[in-house]
Amino acid sequence: MSRRADASQCGGVVVEFESDSNRETRDRKSRSITGPALIYLKGPKFLIYVSGALSMWGDRMWHFAISVFLIELYGRNLLLTAVFGLVVAGSVLLLGALIGDWVDRNPRNKVAHASLFIQNISVTVCSIVLMLVFLYKQRIEQIWDGWLTVVCYTVVIVLADVANLASTALTIAIQRDWIVVITGYNRGHLAGMNATMRRIDQVTNILAPLAVGQVMTLASNVVGCGFILGWNLVSLIVEFFFLSRVYRIVPALSIKPPVEEEEQNPVCEQRMERRWPQDEGNTTQAEPLTEGNCDTSLHLKEITNLPLCFRRFRWLVSTCKDGWKAYYRQPVFLAGMGLAFLYTTVLGFDCITTGYAYTQGISGSLLSLLMGVSAITGLMGTVMFTRLRKSYGLVNTGIISSCLHLGCLLLCVCSVFAPGSPMDLSLLVPFINSSSPELGDIVSQRKKHAYPLRGGSNQPLLPDRSSIHWTNNTLLFDNVPSDTVPESYISIILLFLGVITARIGLWSFDLTVTQLLQESICESERGVVNGVQSSMNYLMDLLHFIMVISAPQPQHFGILVIISVLFITTGHTMYFLYAHKAKKKRRHNT
């Protein structure tokens, strides 16, 4: 009889001793489960994701809060916010190439640490200045006849702009260079990291403004500044530690070819071909980077004869010019330009489109819900990108994404002429009433659907300083008539249906062009080319604000929609031309 039976008959307790073989099997299984998880959590990819999430969260909170703070400081007027937006866009437009050149010419760890330190310290100091201004605003306004207030506003805008420039440098360094090296020049892994970083960006774009907005609403602006200050100090320490660890555990990051050597190296194209062995036949490689060297010694002698300030200025101008030339000669130039053209649009969830929707009877709560749905469709675009790239290749993924994006935006064009649209055709043809009675009847019918804000006919889309509330980047207007209800919601439904569904193709296309730039640009020029790309993006973004300033009324919005679709179509046409050249070159090489 076994020991189990003897013990049970005697009323004892059965104690089973686990054998050594069973224990080893169980330990082996637990190690097989926890081992890969621990390796991943300590690996460079996860550390980059966490560091990027902290950086993006801080950026989103700061970009949202600084706009609100500037409005509050200037008596709920949009002037300071407009000046800040102009300064930020203009500085990146002018200095994008210089920032990229600085990223190229310095070691990766120094670039990342310097950018991270400058960005977070600038935001921290700016938050302290804002706290002091909010606490002692009345006293500050009495000093120097109010000029101290102007000095404080200037300091805030300058520090915020410096933080944005440092954030641009950090984005170029990490998302355009580091992850390429971390993935070991593997296209599949690179696509996965790009998609994950974009998903993190989409989530933080919704949650971060909500978080800091709740703090500012439930507490005060001073507490909001303190919250951002504390976040940046903690984020600085964590990001610095994580990036340092990534730099240590990925030895390839410490190897960076000098710019001067690779610019004069005629075998750059062969080097790029060796680094991307998993060729899908859909991407072109970088062209040889050869430049003429005509009488260099004489040129250097002329430069040394100039005063120091002129020499520095000439070097800055020459660097910017060389950066734009490097961008132009890239084989993916048309694809990058196509992406930049997509920034000239009002068809996005910014204050312009959502403000227009509010004038058409859409509530703030519904707008917040629509923004959440748009974030979900953006995440769907990142998933679609990885699957399409794996099945059809990178270039074909861009073509499919472009067609999907344009197809969805046709709904926005239809919304311009659908029932309920405030579109006024007389804005297109000034003398339409006198020249055509039939068209005059159409115009009168359209005017029935127009719901202007209170005030004169020249009142802008953004009302006076006392009627603005912020809800997650959305401008809501108090002076919209409460009894104003459009005769039909078909127009606004079509508009947002097109905007939301188009984000699937938009983000897939954005990731496509981003990876094309990562794969096709020589390592020594990644920074400067991506810096110029950022400048182009800001330039086209400025154009869309100029469009709104030129046509601010809700009745003008239909014209802005049509112009936006034309710009987007032009951008995708540029990409189609690039894809045609890439495929033609592939057939020629095979």
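As a convention, each chain's residues are numbered from 1 in the sequence order in which they are written. Totals for whole chains, interfaces and linings use every residue, but because this is a predicted model, local features are given only for residues with pLDDT of at least 70 and side-chain atom pairs only at 80 or more, for both listing and counting. As a rule here, side-chain values cover all heavy atoms of the structure and leave hydrogens and water aside.

- The protein chain carries the name Solute carrier family 40 member in an unreviewed UniProt entry, which gives Takifugu flavidus as its organism.
- UniProt positions are given in the numbering used here, feature names are shortened, and annotations may be inferred rather than shown by experiment. In its Sequence similarities (unreviewed entry) section, UniProt records this for the protein chain: "Belongs to the ferroportin (FP) (TC 2.A.100) family. SLC40A subfamily."
- Reading the Function (unreviewed entry) entry of the UniProt record for the protein chain gives the comment "May be involved in iron transport and iron homeostasis."

### Side note on the nonpolar core
Here is step 1 of the chain: Among buried residues, those of type Ala, Val, Leu, Ile, Met, Phe, Trp, Tyr and Cys that are joined through side-chain atoms within 4.5 Å constitute a nonpolar core. Burial classes follow relative accessibility: with a 1.4 Å probe on protein chains only, a residue under 20% of its type's maximum area counts as buried, one over 50% as exposed, and anything between as partly exposed. Among the nonpolar cores identified, the biggest contains 66 residues, and L347, L495, V561, Y575 and Y578 are the most heavily contacted of them.
Here is step 2 of the chain: Summarising the domain contributions, this core has at least three residues from each of domain 1 (45-254) and domain 2 (324-424 + 485-589). Domain segmentation is taken from an automatic or database assignment of domains.

### As for the packing of aromatic side chains
Here is step 1 of the chain: Two rings belonging to Phe, Tyr or Trp (six-membered ring only in the last case) form a pair when the distance between their centres is within 6.5 Å. Interplanar angles under 30 degrees mark stacking, angles over 60 mark edge-to-face geometry, and anything in between is tilted. Enumeration according to the criterion identifies 11 aromatic pairs in this entry.
Here is step 2 of the chain: Relative to Y247, the ring of W178 lies with its centre 6.3 Å away and its plane at 40°, an arrangement referred to as tilted. Placement of W178 in helix α7 (residues 147-182) and of Y247 in helix α9 (residues 221-249) is noted, with a sequence separation of 69 residues between them.
Here is step 3 of the chain: Assessed through its relative accessible area of 1%, W178 is described here as buried.
Here is step 4 of the chain: Aromatic side chains W324 and Y327 sit 6.5 Å apart centroid to centroid with 80° between the ring planes, which places their arrangement in the edge-to-face category. Placement of both W324 and Y327 in helix α13 (residues 308-328) is noted, with a separation of 3 residues, approximately one turn of the helix.
Here is step 5 of the chain: With a relative accessible area of 31%, W324 lands in the partly exposed category.
Here is step 6 of the chain: Classification of Y327 by relative accessible area gives buried; the value is 3%. Numbering goes from the N terminus for both helices and strands, where a helix is a DSSP run of H or I of at least four residues and a strand is a run of E of at least two.

### Here we look at the side chain of T319
Here is step 1 of the chain: When you line up the elements, T319 lands in helix α13.
Here is step 2 of the chain: Apart from the residues within four sequence positions on either side, T319 is in contact with L98 and D101. In what follows, residue pairs with any heavy atoms lying within 4.5 Å of each other are defined as contacts.

### Remarks on unusual backbone geometry
Here is step 1 of the chain: One non-glycine residue, Y185, adopts positive backbone phi at about 60°.
Here is step 2 of the chain: Considering the arrangement of structural elements, one finds Y185 in the loop between α7 and α8 (187-218).

### Describing the side chain of E239
Here is step 1 of the chain: Here E239 is to be found in helix α9.
Here is step 2 of the chain: In this tally, Lys and Arg are treated as positive and Asp and Glu as negative; His is ignored, and so are the chain termini. The salt bridge criterion pairs a side-chain nitrogen of Lys or Arg with a carboxyl oxygen of Asp or Glu, the two atoms within 4 Å. Here E239 sits buried without a salt bridge, and the closest side chain of opposite charge, R60, lies 13 Å off (N-O distance).
Here is step 3 of the chain: Any N or O atom pair separated by 3.5 Å or less is treated as a polar contact, with the protein-specific requirement of one donor-capable and one acceptor-capable atom, and with residues adjacent in sequence counted only for side-chain atom pairs. Of note is the side chain of E239, whose polar atom sits 2.3 Å from the side chain of S235.
Here is step 4 of the chain: Beyond its immediate chain neighbours, meaning those up to four positions away, E239 contacts S51, L54, S55, L116 and L170.

### Here's the deal with the pattern of salt bridges
Here is step 1 of the chain: If you walk through the whole model with that rule in mind, you get 8 salt bridges.
Here is step 2 of the chain: Close ionic contact of E525 with R329 constitutes a salt bridge, the shortest N to O distance being 2.6 Å. Of this pair, E525 sits in the loop between α20 (490-520) and α21 (526-550) while R329 is found in the loop between α13 and α14 (333-341), placing the two residues 196 residues apart along the sequence.
Here is step 3 of the chain: The class for E525 is buried, based on a relative accessible area of 2%.
Here is step 4 of the chain: By relative accessible area, R329 is classed as partly exposed at 24%.
Here is step 5 of the chain: Among the charged side chains, a salt-bridge network with shared partners connects R108, D177, E523 and R526.

### Some details on the state of the cysteines
Here is step 1 of the chain: To count as a disulfide, a pair of cysteine sulfur atoms needs to be within 2.5 Å. Tallying each qualifying case throughout the model produces 0 disulfides.
Here is step 2 of the chain: Looking at the unpaired C126, the closest cysteine sulfur is the one in C225, lying at 8.2 Å.
Here is step 3 of the chain: Relative accessible area serves as the criterion here: at 0%, C126 is assigned to the buried category.
Here is step 4 of the chain: The class for C225 is buried, based on a relative accessible area of 0%.

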